[in-house]
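Single-letter residue listing:
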Amino acid sequence: PADTYCYMRTVTDSALWLSTNGGGGNAPQGTIKLGDSSADYRTTIYKDLEVIENLGVTGDLRITGTTKFSGQAYTPINARSDAGGFTPNWSSGIIQKWTNTSGNVCTIANSANEHAGGMYTLVLINNAANTVALTFGTDYVWANGIAPNLIRANSEAVISMVAVETTRFLCTWAEDYA
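The shown structure was predicted, so the numbers you read here are calculated from the model rather than taken from an experiment. One numbering rule holds for all chains: residues counted from 1, following each sequence as written. The predicted origin of the model limits local features to residues at a pLDDT of at least 70 and limits the giving and counting of side-chain atom pairs to 80 or more, whereas totals for whole chains, interfaces and linings rest on all residues. Only hydrogens and water are set aside when side-chain values are computed; all heavy atoms of the structure are taken into account.

(A) Molecular detail of the overall build of the protein chain. A run of H or I in DSSP becomes a helix once it reaches four residues, and a run of E becomes a strand once it reaches two; helices and strands are each numbered from the N terminus. Across its full length, the protein chain holds 0 helices and 9 strands. Put simply, the protein chain runs from its N terminus to its C terminus through helices and strands in the order β-β-β-β-β-β-β-β-β. Counting the 178 residues in the protein chain, one finds 21% classified as buried. Note on contacts: a residue pair is in contact if any heavy atoms of the two residues lie within 4.5 Å. Of all intrachain contacts in the protein chain linking residues separated by at least 6 positions in sequence, the fraction that spans at least 24 positions is 49%. Partly exposed describes any residue whose relative accessible area lies between the buried limit of under 20% and the exposed limit of over 50%, with all areas from a 1.4 Å probe on protein chains only and scaled to the type maximum.

Structure (structure tokens):
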């Protein structure tokens, strides 16, 4: 069926219910799109938005105020496996996992698409029998000036960081999880 549009100027009641009905009972089915007719399709919700089931957002979701979750909030892990280095792309997820396949060196280049104030995580896994030497781009700065310089054979390292500028990460790390 074609899209159905509902135009409103003001809702003064305490709640506005929008649903689509797939014809069977009262269970909502389908998609409800909120937006205006301008080119940027922005909708401002003043007060509460309750979502039962899933909320899909294309583009940015800007929240002013407190965000409360019942359940979990997470990001999918962006995983890659290769020998050598990589450039973290934070648009692919705020957790990047690299697994060594056979290399002896991993160079982690300055990342792409970070935002000042963002919190990011690198998980480095060495499943190989050899030690991997680590080097980092100049955007990464380390607590006490001590960066991890290797991942032992069959070991893992986790690097947590905060972007204080788009080209400067304050980093801490831990390794050898048992």
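(B) Region of the structure containing the sheet that holds strand β9 (residues 168–175). Note on pairing: DSSP must find at least two bridges between two strands before they are called paired. Spatial ordering of the open sheet is given by β1-β2-β4-β8-β9-β6, a layout of 6 strands whose pairing is mixed. Strand pairing shows two members of the sheet lacking a second neighbour, β1 (78–82) and β6 (140–142), which therefore form its edges. Each neighbouring strand pair of the sheet contributes to a mean axis angle of 25°, computed without reference to strand direction. When strand β8 (residues 155–165) meets β9, the two strands line up antiparallel, connected through 8 bridges. Within β9, the position partnered with Glu 165 by the bridge is Arg 168. Convention adopted: a line fitted to C-alpha atoms gives each axis, helices being fitted over their contacting stretch, and angles between N-to-C directions are expressed from 0 to 180 degrees.

(C) Looking closely at the pairing of strand β5 (residues 132–136). By the alternation rule, side chains of β5 split into Val 132, Leu 134 and Phe 136, which are all buried, and Ala 133 and Thr 135, of which none is buried. As defined by bridge partners, strand β3 (residues 105–108) adjoins β5 across 4 bridges and the pair is classed as parallel. Counted as the bridge partner of Ile 108 is Phe 136 from β5. Of the pairings in the sheet, the one linking β5 to strand β7 (residues 150–151) comprises 2 bridges and is antiparallel in character. Looking at the pairing, Ala 133 lines up with Leu 150 of β7.

(D) Examining the environment of Thr 121 more closely. With respect to the helices, strands and loops of the structure, Thr 121 is situated in strand β4 (residues 119–126). Sequence separation between Thr 121 and Val 158 is 37 residues; the distance between their C-alpha atoms is 7.1 Å.

(E) Here's a closer look at the sheet that holds β7. Pairing is mixed in the open sheet, where 3 strands are placed in the order β3-β5-β7. Of all strands in the sheet, those with a lone pairing partner are β3 and β7, marking the two edges.

(F) Region of the structure containing the nonpolar core. Ile 108, Leu 124, Tyr 140, Ile 159, Met 161 and Phe 169 are the most contacted members of the largest nonpolar core, which totals 20 residues. Taken together, the elements giving at least two residues each to this core come down to β3, β4, β5, β6, β8 and β9. It is β8 that provides the largest number of residues to this core, a total of 4 residues. If near-sequence neighbours (up to four positions away) are discounted, Leu 124 is found in contact with Phe 86, Trp 98, Ile 108, Leu 134, Ile 151, Ser 155, Glu 156, Ala 157 and Ile 159. Definition used in this section: a nonpolar core is a set of buried Ala, Val, Leu, Ile, Met, Phe, Trp, Tyr and Cys residues joined via side-chain atoms within 4.5 Å.

(G) Spotlight on the side chain of Ser 155. Position of Ser 155 among the secondary structure elements: in strand β8. Assessed through its relative accessible area of 6%, Ser 155 is described here as buried. Apart from the residues within four sequence positions on either side, Ser 155 is in contact with Leu 124, Ile 125, Asn 126 and Asp 176.

(H) Inspection of the packing of aromatic side chains at higher detail. Two rings from Phe, Tyr or Trp (for Trp, the six-membered ring) form a pair when their centres are within 6.5 Å of each other. A pair whose planes differ by under 30 degrees is stacked, one over 60 is edge-to-face, and the rest are tilted. This structure, assessed with the given rule, holds 7 aromatic pairs. Where Tyr 120 meets Phe 169, the ring centres are 5.9 Å apart and the plane angle is 80°; that geometry is what we call edge-to-face. Of this pair, Tyr 120 sits in strand β4 while Phe 169 sits in strand β9, and the two are 49 residues apart along the sequence. Looking at Tyr 120, the relative accessible area reads 5%, which means it is buried.

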